[in-house]
Amino acid sequence: MAAFVSPNPQFCKRFSSTKTATTSAAAFFSKPSQISPNFNLERAKPSFLVRCSIRSSAPPISTLKQSCPRPEYIPNRISDPNYVRIFDTTLRNGEQSPGATMTTKQKLDIARQLAKLGVDIIEAGFPASSEADLEAVKLIAKEVGNVSPEGADGHVPVICGLSRCNKRDIDKAWEAVKYAKKPRIHTFIATSEIHLKHKLKKTKEQVLETARSMVAYARSLGCPDVEFSPEDAGRSDREFLYEILGEVIKAGATTLNIPDTVGILVHDEFEQLIADIKATTHGIDNVIISTHCQNDLGLATANSIGGAIAGARQLEVTINGIGERAGNASLEEVVMAIKCRGEQVMGGLYTGINTQHIVVTSKMVEECSGLHIQPHKAIVGANAFAHESGIHQDGMLKNKDTYEIMSPEDIGLLRSNESGIVLGKLSGRHALKAKLLELGYDIDGKELDDLFPRFKSVAENKKNITDEDLIALVSDEVFQPQVFWKLGDV
């Protein structure tokens, strides 16, 4: 049984189109949860084949589950308890990666693409950090925050600016985002003991009062949507955390973001943290809970998904997982995990992301930031849909579902051959024969038997086997005239 979950009917219409997104970045430029906090993934494992791609063997579009369209945006609540907002911070936290600074034009281009991708909130920058960033956020608010991109079915993203908990930062953030149709100020202050003692040099009482008064100040400017983050929440004293979150709710916060700032928590710990906040904090039903997971231990995606299972309905992510130190939770990983498994093990969670724009967005961010994607990166790495092992190639030739849980078309990727076969020293006869057929050579039997050892010999000495290599081998081994005599010596 094949399973596919589409986020909404409009997306199904787009997905059914034969026109796919280009893989070239250059071509582009011209609330309350109904899921128990104690939800057990092990018990929920499905007893059937799970696949999240549309292939010829999948059911037709008309028979796939049709979820509700993207809910109307209301800052502090979501009408559909299964809808998860995607908050992209590529242009803010992602740009904090060493060497990833982008120009204003690049940031504007990426913001436009993020809107096409369907992200709910774009954190466009940190306006108080520089005049250039203030102007970039303002430009994005004006040009991206007021227009629905073609094919986005009327969706206009929220434009958000980051600020510390002080009036100067908040004024700058509001100056930048107020031009958007849906503006948001995101303000933060550290709450962990180590930050209070060594960085802020403030008491808990001082921090609590600062957080409360600055959230109220942001609302007093006319901003209807204020997000608050207790920095380093993962290492904060729980009772103090519950107290400060309750106070900022009373002051007017609409979203509470829970950051694992140093990526220290493991999956169960972070999931339990969100569940405890949901169960303990006064007024929590009047706000959206968000997650912001750093990837220092490689757990950002898992922790984000755990947070959503525990009741978070906003997930903060970046394209390609770029960000401070080891980066952030990766948008493409989080979104595709929800798309593939949301129905089976997450109680029906879904997002509004048009996944067919993932590859072009990924390539654009890679190009603009200069941060290259490792080949084995999940979803968007060069090897994510490539198969070199003979066993895997044989399976792919017989049925692609043997080794692929999604098709490359799901994320807007066009690959040179249908089965994603990459020839190398581990490849077998079936893969070689299939590749030769692709090149126009129908070779079998003794000819294939004679050619295969020559191919293996070349593959053992060369990293990449090109089409030209194969053509030369066929020409030399198969298409040479029969030898009647040869010159031995002169």
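So, how was this worked out
Residues numbered from 1 in each chain as written. Predicted model: local features only at pLDDT ≥ 70, side-chain atom pairs only at ≥ 80, totals over all residues. Heavy atoms only, no water. Phe/Tyr/Trp six-rings, centres within 6.5 Å; stacked < 30°, edge-to-face > 60°. Helix = DSSP H or I, 4+ residues; strand = E, 2+ residues; numbered from the N terminus. Buried < 20%, exposed > 50% of the residue type's maximum accessible area, 1.4 Å probe, protein only. Lys NZ or Arg CZ within 6 Å of the ring centre and 35° of its normal. Contact = heavy atoms within 4.5 Å. Expected span 1.5 Å × (residues − 1).

## A look at the packing of aromatic side chains
(1) Moving on: For the coordinates displayed, the defined rule picks out one aromatic pair.
(2) Moving on: Centroid distance tyrosine 83 to tyrosine 350: 5.3 Å. Interplanar angle 70 degrees. Geometry classified as edge-to-face. Of this pair, tyrosine 83 sits in the loop between strand E2 (65-66) and strand E3 (85-88) while tyrosine 350 sits in the loop between helix H11 (331-345) and helix H12 (358-369), placing them 267 residues apart in sequence.
(3) Moving on: A relative accessible area of 5% means that tyrosine 350 is categorised as buried.
(4) Moving on: Just above the ring of tyrosine 179 sits the side chain of lysine 142; from NZ or CZ to the centre is 4.6 Å.
(5) Moving on: Across from the ring centre of tyrosine 217, 5.0 Å away, lies the NZ or CZ of lysine 167, which sits over that ring.

## Describing the side chain of serine 97
(1) Moving on: Looking at where serine 97 falls in the secondary structure, it is placed in the loop between E3 and helix H3 (104-117).
(2) Moving on: A relative accessible area of 6% means that serine 97 is categorised as buried.
(3) Moving on: With near-sequence residues (within four places) excluded, serine 97 lies in contact with Ile322, Gly323, Glu324 and Leu371.

## A look at helix H8 (residues 238-251)
(1) Moving on: With 14 residues, H8 ought to run about 20 Å at 1.5 Å a step, and its terminal C-alpha atoms sit 20 Å apart, in line with that.
(2) Moving on: Across the 14 residues of H8, 10 count as buried, placing the element largely inside the fold.
(3) Moving on: Taken residue by residue, H8 has Phe240, Leu241, Tyr242, Ile244, Leu245, Gly246, Glu247, Val248, Ile249 and Ala251 as its buried positions.
(4) Moving on: Where H8 is buried, its residues contact helix H6 (193-200), helix H7 (204-220), strand E7 (226-231), strand E8 (255-260) and helix H9 (267-280).
(5) Moving on: A positive phi of about 120 degrees marks glycine 252, the residue just after H8.

Function cannot be inferred from these measures alone, as they are strictly geometric.
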